[in-house]
Amino acid sequence: MLRMPKIVDTHTHICDSSFDMDRGQVLDKAADAGVGAVISVGENIADARRNIELADRHPMIRPAAGLYPTILDLAKAEEMQSFIRKERLKLVAIGEVGLDFRVVKEEPQRRLQKEILKGFINLSKKLDLPLNIHSRSAGRHAVALLLEYGASRVQMHAFDGKASAALAAVEAGFFFSIPPSVVRSRQKQKLVKHLPLSCLLVDTDSPVLGPDPKQRNEPANVIIAIQAIAELKNVSEEKVVKAITENTKRLYGDIC
Ligand SMILES: [Zn+2]
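Residues numbered from 1 in each chain as written. Predicted model: local features only at pLDDT ≥ 70, side-chain atom pairs only at ≥ 80, totals over all residues. Heavy atoms only, no water.

(A) The pairing of strand S2 (residues 35–40), seen in detail. Within S2, 6 of the 6 residues are buried, which leaves the element mostly enclosed by the surrounding structure. The pairing of strand S1 (residues 7–12) with S2 spans 4 bridges and is parallel. Bridge assignment links Ile7 to a residue of S2, and that residue is Val35. Of the strand pairs in this sheet, S2 and strand S3 (residues 61–65) are connected by 3 bridges, and their pairing is parallel. Bridging from a neighbouring strand, Val38 pairs with Ile61 of S3. (Buried < 20%, exposed > 50% of the residue type's maximum accessible area, 1.4 Å probe, protein only. Helix = DSSP H or I, 4+ residues; strand = E, 2+ residues; numbered from the N terminus. Pairing = 2+ DSSP bridges.)

Shown next, in the form of structure tokens:
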């Protein structure tokens, strides 16, 4: 029998308290659906510590650490950088970090946000650790900054910009992760159609960005993103699974 490659949910908040009652079952369900590992991103230092702790208990969890882009605090950014340096060997990514221009509207605050992101880009290069990037209403700006500062191992998560704004990033070898909300987002559908399969990953951003916004999203739903990609690109699901597992390996190495 052919062994299916293991899928990675490349961006979930499985440390979120909404999973406290049934995290083990949620991960078992994901494993049954073909998921081999989940990259658990964090928004702050408490999440980062918790991700590492949870990874000890749940072998499917690969911990990441980052500072959510709306937290505009240089001291917290510095604290997060030291944490990442110290825990480097336990982490698979820096994330989530990035730019959010929907929430942060004033120019001085946006400059500070870019300054903090620059720090994480430099750290990513120094430690050879991939960046797991949030960019809301700031896709073009995030791509420009990442290219300017020479980031090379990059996942653009839930990119909400135009495909044309993504092309320079594709050329630079960045990856784009598609969440299950692709089934209800015209913008994500267009992105999938225009970007090559060789740069796509899947994620869930669970507990949010599910197929139904009123329901808790979970890692097993990466399958919904895979089905949507297959349909939009008019290829088989097997081909999509093969491509995204290879892409995941190119960015993160053998983490399953
Ligand atoms: Zn997220």
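After presenting the structure, the write-up continues.
(B) Quick peek at the coordination of the zinc ion. Within the first shell, the zinc ion binds the protein through His11 (NE2), His13 (NE2), Glu96 (OE) and Asp205 (OD), at distances of 2.1 to 2.2 Å. Geometry at the zinc ion is irregular, judged from the 4 donor atoms that bind it and their angles of 83 to 170 degrees at the metal. For His11, a relative accessible area of 0% corresponds to the buried category. (Donors = N, O, S within 2.8 Å, 3.2 Å for Na, K, Ca; no water. Tetrahedral: all angles 85-135°; square planar, octahedral: opposite > 155°, others 65-115°.)

(C) Geometry of the packing of aromatic side chains. Taken as a whole and assessed by the stated rule, the structure comprises 1 aromatic pair. Sitting over the face of the ring of Phe101, Arg110 holds its NZ or CZ atom 4.1 Å from the ring centroid. (Phe/Tyr/Trp six-rings, centres within 6.5 Å; stacked < 30°, edge-to-face > 60°. Lys NZ or Arg CZ within 6 Å of the ring centre and 35° of its normal.)

(D) Spatial organisation of the nonpolar core. Ranked by size, the top nonpolar core spans 72 residues in total, and within it Ile84, Phe120, Leu131, Leu146, Met156, Phe176 and Leu200 carry the most contacts. For Leu131, the residues in contact, after removing those within four places along its chain, are Ile94, Val97, Phe120, Ile121, Ser124, Leu146, Ala151, Arg153, Val154 and Gln155. Listed in part, the 12 residues of the second largest apolar core include Val41, Val92, Tyr252 and Ile255. (Core = buried A, V, L, I, M, F, W, Y, C linked by side-chain atoms within 4.5 Å. Contact = heavy atoms within 4.5 Å.)

(E) Focus on helix H2 (residues 45–57). In a regular helix each residue adds 1.5 Å, so 13 residues correspond to 18 Å; H2 covers 19 Å between its end C-alpha atoms and thus fits that length. Of all the residues in H2, the buried ones are Ile45, Asp47, Ala48, Asn51, Ile52, Leu54 and Ala55. Those residues of H2 that are buried are in contact with helix H1 (23–32), S2, S3 and helix H3 (74–86). Capping the start of H2 is the job of one residue whose side-chain oxygen sits 3.2 Å from the backbone nitrogen of Ala46: Asn44. (Expected span 1.5 Å × (residues − 1). Polar contact = N/O pair within 3.5 Å; in protein donor to acceptor, adjacent residues only side chain to side chain.)

(F) Summary view of the side chain of Thr204. With respect to the helices and strands, Thr204 occurs in the loop between strand S8 (200–202) and helix H8 (222–233). In terms of polar contacts, Thr204 uses its side chain to reach the side chain of Asp9, at 2.6 Å. Within the structure, the side chain of Thr204 is placed 2.7 Å from the side chain of Ser206, a separation counted as a polar contact. Ignoring any residue separated from it by four or fewer positions in sequence, one finds Thr204 in contact with Asp9, His11, Thr12, Pro180, Leu209, Asn217, Glu218, Pro219, Asn221 and Val222.

(G) Quick look at the sheet that holds strand S6 (residues 154–157). Strand order in the open sheet formed by 8 strands is S1-S2-S3-S4-S5-S6-S7-S8, and the pairing between neighbours is parallel. Every interior strand has two partners, whereas the edge strands, S1 and S8, have only one. On average, adjacent strands in this sheet sit at an angle of 30 degrees to one another, irrespective of strand direction. Bridging between strand S4 (residues 93–100) and strand S5 (residues 131–136) involves 5 bridges; their strand directions are parallel. Directly across from Gly98, in S5, lies its bridge partner His134. (Axes fitted to C-alpha atoms, helices over the stretch in contact; angles between N-to-C directions.)

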